[in-house]
Amino acid sequence: MIVESSLLPDNAVRRDVVPAGDYYLKVVKKGQTMRILDSEGNQAADTLFYNANDPAERYSAIDTIREQGNVYLSTGTKILSDQGNVMLEIVADTCGRHDTLGGACATESNTVRYAIEKKCMHACRDSWLLALSEHPELGMDKRDITHNVNFFMNVPITEEGGLTFEDGISAPGKYVEMRAEMDILVLISNCPQLNNPCNAYNPTPVEVLVWDAQ
Ligand SMILES: [Zn+2]
């Protein structure tokens, strides 16, 4: 559902540009609101959420989909953890819907889906693993890479229940905004994928803005 935000970028307490192929790893405190901005349009932001005080608790696509009775994420979605707790709630969304079924790109899946010589291409899973290896204080590793949300990515379900990766429905300046209901460790891979239309074959930056509780 399309809902615009009343928050002003000038009032944000933090604003980061995340280049395509880079990662974002920061804590968003309970009560803060985070916006992911699709700066140039048609960009996928592959995102993992953890309880910042206990990263063993993390985002669960299954629980989120079941409890809301819908496979797409948009305004009103309560993003649930694997312990059934509300982690964040989407409070504004000018894109309209976001995928959480398609998973993230990896060198292995690029090889299977596209060609053997795609093995060396940079993928979201690499960015996540790089983030965790550059932050050993978190004590996290590849076993902590689980379900993700693909913000701005268009993965429509066919009548037969099939999944397809389609050209994006996002556009320059569209955003999704969520309020943290607990302290959240946010790990975003700004997807470098060049083999399917999730980034319109042209990966571009996203921005992450954070506001304190209003
Ligand atoms: Zn990717």
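Residues numbered from 1 in each chain as written. Predicted model: local features only at pLDDT ≥ 70, side-chain atom pairs only at ≥ 80, totals over all residues.

Named according to an unreviewed UniProt entry, the protein is Urea carboxylase-associated family protein originating from Vibrio porteresiae DSM 19223.

Novice: So what's going on with the overall build of the protein? Residues and values would help.
Specialist: Each helix and strand in the protein was counted, giving three helices and eleven strands. Listed by position from the N terminus, the elements making up the protein come as β-β-β-β-β-α-β-β-α-α-β-β-β-β. Dimensions along the principal axes, computed over C-alpha positions, put the protein at roughly 50 × 40 × 35 Å. In the protein, which comprises 214 residues, the share counted as buried stands at 40%. Here the analysis covers contacts within the protein between residues at least 6 apart in sequence; of these, 75% occur between residues at least 24 apart. (Helix = DSSP H or I, 4+ residues; strand = E, 2+ residues; numbered from the N terminus. Buried ≥ 20, exposed ≤ 12 C-beta atoms within 10 Å, placed from the backbone. Contact = placed C-beta atoms within 7 Å.)

Novice: How would you summarise helix H3 (residues 124-133) if you had to cite specific residues and measurements?
Specialist: Along H3, the positions that sit buried rather than exposed are Cys-124, Arg-125, Ser-127, Trp-128 and Ala-131. The buried residues of H3 occupy one face: seen down the axis, they fall within an arc of 160 degrees. Contact partners of the buried residues in H3: strand S2 (23-28), strand S4 (45-51) and strand S10 (184-190). (Arc of directions from axis to C-beta.)

Novice: Before we move on, can you summarise the environment of Met-178 with the specific residues and values?
Specialist: Its place among the elements puts Met-178 in strand S9 (residues 174-180). Expressed as a C-alpha distance, the spacing of Met-178 and Gln-214, which sit 36 residues apart in the sequence, is 13 Å. Beyond its immediate stretch of four places on either side in the chain, Met-178 contacts Thr-33, Met-34, Ile-79, Leu-88, Glu-89, Ile-90 and Val-91.

Novice: Can you explain the nonpolar core? Please cite residues and give values.
Specialist: Formed by 48 residues in total, the largest nonpolar core has its most connected members in Ile-36, Phe-49, Met-87, Ile-184, Val-186 and Leu-187. Setting aside chain neighbours within four positions, we find Leu-187 in contact with Tyr-23, Leu-25, Leu-48, Trp-128 and Ala-131. (Core = buried A, V, L, I, M, F, W, Y, C linked by C-beta atoms within 7 Å.)

Novice: So, the sheet that holds strand S6 (residues 78-80): which residues are in play, and what are the values?
Specialist: The strand order across the open sheet built from six strands is S1-S11-S3-S9-S7-S6, with neighbouring strands paired in antiparallel fashion. Two strands in the sheet have a free side with no partner beyond their single neighbour: strand S1 (14-18) and S6. The average undirected angle you get between the axes of adjacent strands in this sheet is 25 degrees. Here S6 pairs with strand S7 (residues 86-93) via three bridges, running antiparallel. Bridge pairing links Leu-80 to Val-86 in S7. (Pairing = 2+ DSSP bridges. Axes fitted to C-alpha atoms, helices over the stretch in contact; angles between N-to-C directions.)

Novice: Residues and numbers for the environment of Lys-29, please.
Specialist: Considering the arrangement of structural elements, one finds Lys-29 in the loop between S2 and strand S3 (33-38). We classify Lys-29 as partly exposed; it has 15 C-beta atoms within 10 Å. Separated by 155 residues in sequence, Lys-29 and Ile-184 place their C-alpha atoms 6.2 Å apart. For Lys-29, the contacting residues outside a window of four places in its chain are Ala-180 and Asp-183.

Novice: I'd like a description of the pairing of S4, backed by residues and values.
Specialist: Moving residue by residue along a regular strand, the side chains alternate between the two faces of the sheet. In terms of residue burial, S4 counts as a mostly covered element, since six of its seven residues are buried. Bridge count between S4 and strand S8 (residues 149-151): three bridges; the pairing is antiparallel. Bridge pairing links Ala-45 to Phe-151 in S8. Here two bridges tie S4 to strand S5 (residues 54-58), and the two strands are oriented antiparallel to one another. The residue bridging Asn-51 from the neighbouring strand is Asp-54, located in S5. Hairpin connection of S4 to S5: two residues between the antiparallel strands.

Novice: Which residues make up unusual backbone geometry, and what are the values?
Specialist: One non-glycine residue, Asn-42, lies in the positive phi region at around 60 degrees. You can see Asn-42 is positioned in the loop between S3 and S4. With 23 C-beta atoms packed within 10 Å, Asn-42 lands in the buried category. Unlike most non-glycine residues, Phe-152 shows phi in positive territory, near 75 degrees. Within the secondary structure layout, Phe-152 lies in the loop between S8 and S9. Residue classification places Phe-152 among the buried positions, given that 29 C-beta atoms sit within 10 Å.

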